Structure formats: C-alpha cells, structure tokens
Amino acid sequence: MGEGIEVLFCGTGAADWDWENYDGCTGAAFRGSRRNPAGGRSGAPAMRGSCSTLFDGRVLIDCGTTGFRALVRWGVDPRKLREVWFTHSHPDHCSPTEVGALLDARGPGAAALVLRGTPPLLDRLVASLGKSSGMGRFVLRPIEPLVPFRSRGWLATPLPANHLTPVPGERPVHFLVRAPQASFLYALDGAWMTAAARRAIGSAPLDLVVWDATVESPGDWRMFEHNDLGMVRAMTARLAKDGVVRKDTALVLDHVARTLWRAPVRAPRPFRMARDGMRLAIGARGRPHA
C-alpha cells in the first residue's frame, strides 16, 4: 500500500443487531442518501454487520456472524487475504460458519490462510470446522496477551482486554500494531484499558485508534466490559496528554450497539463514527483520510 495502510471497516455493529436478513440489506440500506445519510429506510438506522476490519487488504481482524458475507459485500477478493486475527470467541467475532465459507471461497489453489488467536479459541474453532477441514487450507498461529509476534513486517502485540467469555482459560485481546507504514490500536470489546495494556502501548504516537463504543450514555451495566462514550473520552484525553494520541491521529468509534445509541448515531469531535464500508488510509507522512 505504498507509504500507508488502507483500512476497510467491513462490519461495525455490536451483538444486538439482527443479522437474520443481512444478505437482503443491499443498495440504499448501505449507501444512504441525503435524506437519510445513515442508510436504510427513511428514519431507520442502516444495518451494521458484526465487527470486522481489514488492514492493508491482507489482514482481517475478526470474522464473526457476518464476516465473510461482509467481504463479499465490499468487493474483497478472499484469495488475497493472508491472515485472520481473532480478538475472542464470541460468535459475532469468531464464527466457524463464516470462517468455513471464507476458506471455501479461497479455492483449492490458495495459499494456506494464517489464523491467529488464543489457544482456547483456536481449539474451539478447529473443533467446529472439523479436524479434516484444514488440508493445507489454513495454519494455526496461537497468540498470548503481551507476547509480540511479527507478521508481514509488522510488530503486533496482543493486549489483555477487559472482557469476558464463557470459554475456560480464554483471555480476549486487543491488538497494538507498529509497522513501518503506520501504527494503530484496535481495541474492540473491552472496557477500561488495563494497566498492563497501557504499559505495553508505551509512548510512541499512533496513527489510528479504533475504540469500543458500545454504549453512548454513562451508567449502563455493560460498562464493566464495554466502553461508553465518557470512558472513551477519558482514555483518549490521557493518551493525548502522554503524546500517544496526536492531533492527526484518527479516532474511530466502533462496535456500536443498536439499542444503546440514539438515532441518528453521530460521533462528537474529535471522533469519527465507523460505518460499514468506510475506508481510511493511515500513514506516518500525512493525516489519515477517508
């Protein structure tokens, strides 16, 4: 991608969206209009798919309930994917059905797809796909919180996320990536950043922060494993004071709950609201741009 990294927000919704009719939401439901920029019928919110984001056209973070179908919707060639990183095993972030569809769509001649996740997640995923489903189609790369790994010239560090799953031994993660082109923090499905995560981020500036913004107003009970807008503002202000967030850092609110934001959904400055199909280009030499 030259000097920067292209980011495609394939899906931006929390788990309270009804995805039963996701395949039928086409045309205006996603493009929007002057009268209803959010998309969908007049007065109705646009359908948001389950959270997944594509970086540099090669690395997909999460492939949940609508993961593969979102790639199709936004014209992504599945054969060009090289890796899928999973934050945790909740079905809106890791769906064996969608992963299987992705593997099938890549065809028999594609290079093995690298799947990265914590060991409990990978064990459950492979068990659901079937032991014989690999056949050279994918390779597993276990990750652990705070243990960096290298991928495609990037240095990635899984950060411990303040989030829970029912899977024994699973520890959900965020991802911090430092690359020659740009640096970013992907922090979905989590509440207040842990002290260990903040320490691992260090003091180097970021070009992009993707914040969990499940809840708009403070006081909701989900605040113990998801952010509300006030929590995002407080953490952003601290990171700005520390020099990690700069004036040209793109600050994106993602993982938006259908029932926990007022319509129309809008982000206060300096944040921008993630939308399905939104593209950004981030890079060290210039401001992120849409």
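Placed above this text is the structure.
Residues numbered from 1 in each chain as written. Predicted model: local features only at pLDDT ≥ 70, side-chain atom pairs only at ≥ 80, totals over all residues. Heavy atoms only, no water.

Chemist: Describe the pairing of strand 2 (residues 52-55), naming the residues involved and giving the relevant values.
Modeler: Along strand 2, one buried face is formed by Ser52 and Leu54 and the opposite face, lined by Thr53 and Phe55, is buried too. Summarising the sheet, strand 1 (residues 4-11) and strand 2 pair through four bridges and their orientation is antiparallel. Bridge pairing in strand 2 links Leu8 to Leu54. Here strand 2 pairs with strand 3 (residues 59-61) via three bridges, running antiparallel. Paired with Phe55 across the bridge in strand 3 is Val59. (Buried < 20%, exposed > 50% of the residue type's maximum accessible area, 1.4 Å probe, protein only. Helix = DSSP H or I, 4+ residues; strand = E, 2+ residues; numbered from the N terminus. Pairing = 2+ DSSP bridges.)

Chemist: Give a description of the packing of helix 3 (residues 96-106) against helix 4 (residues 119-129) that names residues and reports values.
Modeler: Their axes nearest at 10 Å, the elements helix 3 and helix 4 cross at an angle of 65°. Taken together, the axes of helix 3 and helix 4 lie roughly perpendicular to each other. For the element pair helix 3 and helix 4, the recorded crossing hand is right-handed. Here Pro96, Val99, Gly100 and Leu103 of helix 3 come into contact with helix 4, specifically with Leu125, Ser128 and Leu129. Its residues assigned to classes, the contact of helix 3 with helix 4 shows five nonpolar, two polar and no charged. (Axes fitted to C-alpha atoms, helices over the stretch in contact; angles between N-to-C directions. Parallel < 35°, antiparallel > 145°, perpendicular 65-115°, else oblique. Left-handed = near helix turned anticlockwise from the far one by under 90°. Contact = heavy atoms within 4.5 Å. Nonpolar A, V, L, I, M, F, W, Y, C, P; charged D, E, K, R; others polar.)

Chemist: Can you lay out the packing of aromatic side chains for me, pointing to particular residues and giving the numbers?
Modeler: Counting across every chain of the model gives six aromatic pairs. Where Phe55 meets Phe184, the ring centres are 4.2 Å apart and the plane angle is 5°; that geometry is what we call stacked. With Phe55 in strand 2 and Phe184 in strand 10 (residues 183-187), this pair connects stretches of sequence that are 129 residues apart. With a centroid separation of 6.0 Å and 85° between ring planes, the pair formed by Phe55 and Tyr186 is classed as edge-to-face. Taken together, the residues span a long stretch of sequence, with Phe55 in strand 2 and Tyr186 in strand 10 at a distance of 131 residues. Across the pair, Tyr186 and Phe55 agree in class, each one buried. One aromatic cluster is present, built from ring pairs that chain together Phe55, Trp85, Phe149, Trp154, Phe175, Phe184 and Tyr186. One residue, Arg73, lies across the ring of Tyr22, its end atom 4.5 Å from the ring centre. (Phe/Tyr/Trp six-rings, centres within 6.5 Å; stacked < 30°, edge-to-face > 60°. Lys NZ or Arg CZ within 6 Å of the ring centre and 35° of its normal.)

Chemist: Describe the pattern of salt bridges, with residues and values.
Modeler: Applying the stated criterion to the full structure yields 13 salt bridges. In this structure, Arg69 and Asp23 form a salt bridge, with 3.5 Å as the shortest nitrogen-oxygen distance. A residue pair is termed long-range when its members are at least 10 positions apart, and Arg69 in helix 2 (residues 67-73) and Asp23 in the loop between strand 1 and helix 1 (28-31) qualify at 46 residues. For Asp77, the salt bridge identified is with Arg79, shortest N-O distance 3.1 Å. Judged by its relative accessible area of 25%, Asp77 falls in the partly exposed class. The network of salt bridges with shared partners includes Asp23, Arg69 and Glu98. (Salt bridge = Lys/Arg side-chain N within 4 Å of Asp/Glu carboxyl O.)

Chemist: Go over empty space enclosed by the protein with me, naming the residues and quoting the values.
Modeler: Here the structure, examined in full by the defined rule, presents one cavity of 30 Å³ or more. Around the largest cavity, the lining is made up of 13 residues, and of these His174, Ala187, Ala191, Trp192 and Met193 lie nearest the centre. Partitioning the lining of the largest cavity into residue classes produces eight nonpolar, five polar and no charged. (1 Å grid on protein atoms, 1.4 Å probe; cavity = no way out; pocket = protein on both sides within 12 Å on 5 of 7 lines; lining within 4 Å. Points joined across faces, edges and corners; volume = space filled by probe spheres on them.)

Chemist: Outline the pairing of strand 5 (residues 113-117), listing residues and values.
Modeler: Among the five residues of strand 5, five are classified as buried, and the element is accordingly described as predominantly covered. Residues Leu113, Leu115 and Gly117 of strand 5 are buried on one face, and the alternating residues Val114 and Arg116, pointing to the opposite face, are buried as well. Between the parallel pair strand 4 (residues 83-85) and strand 5, the chain is carried across by helix 3, and the sense of this crossover is right-handed. Sheet topology places strand 5 next to strand 6 (residues 138-142); five bridges connect them, and they run parallel. Residue pairing across strands places Gly117 opposite Pro142, the latter belonging to strand 6. (Right-handed = clockwise from strand over helix to strand, strands pointing away.)

Chemist: I'd like a rundown of helix 3, residues and numbers included.
Modeler: Residues of helix 3 that are buried include every one of Glu98, Val99, Gly100, Leu102, Leu103 and Arg106, and no others. Contacts made by the buried residues of helix 3 are with helix 2, strand 4, strand 5, helix 4 and strand 6. Directly beyond the C-terminal end of helix 3, a positive phi value near 80° is found at Gly107.

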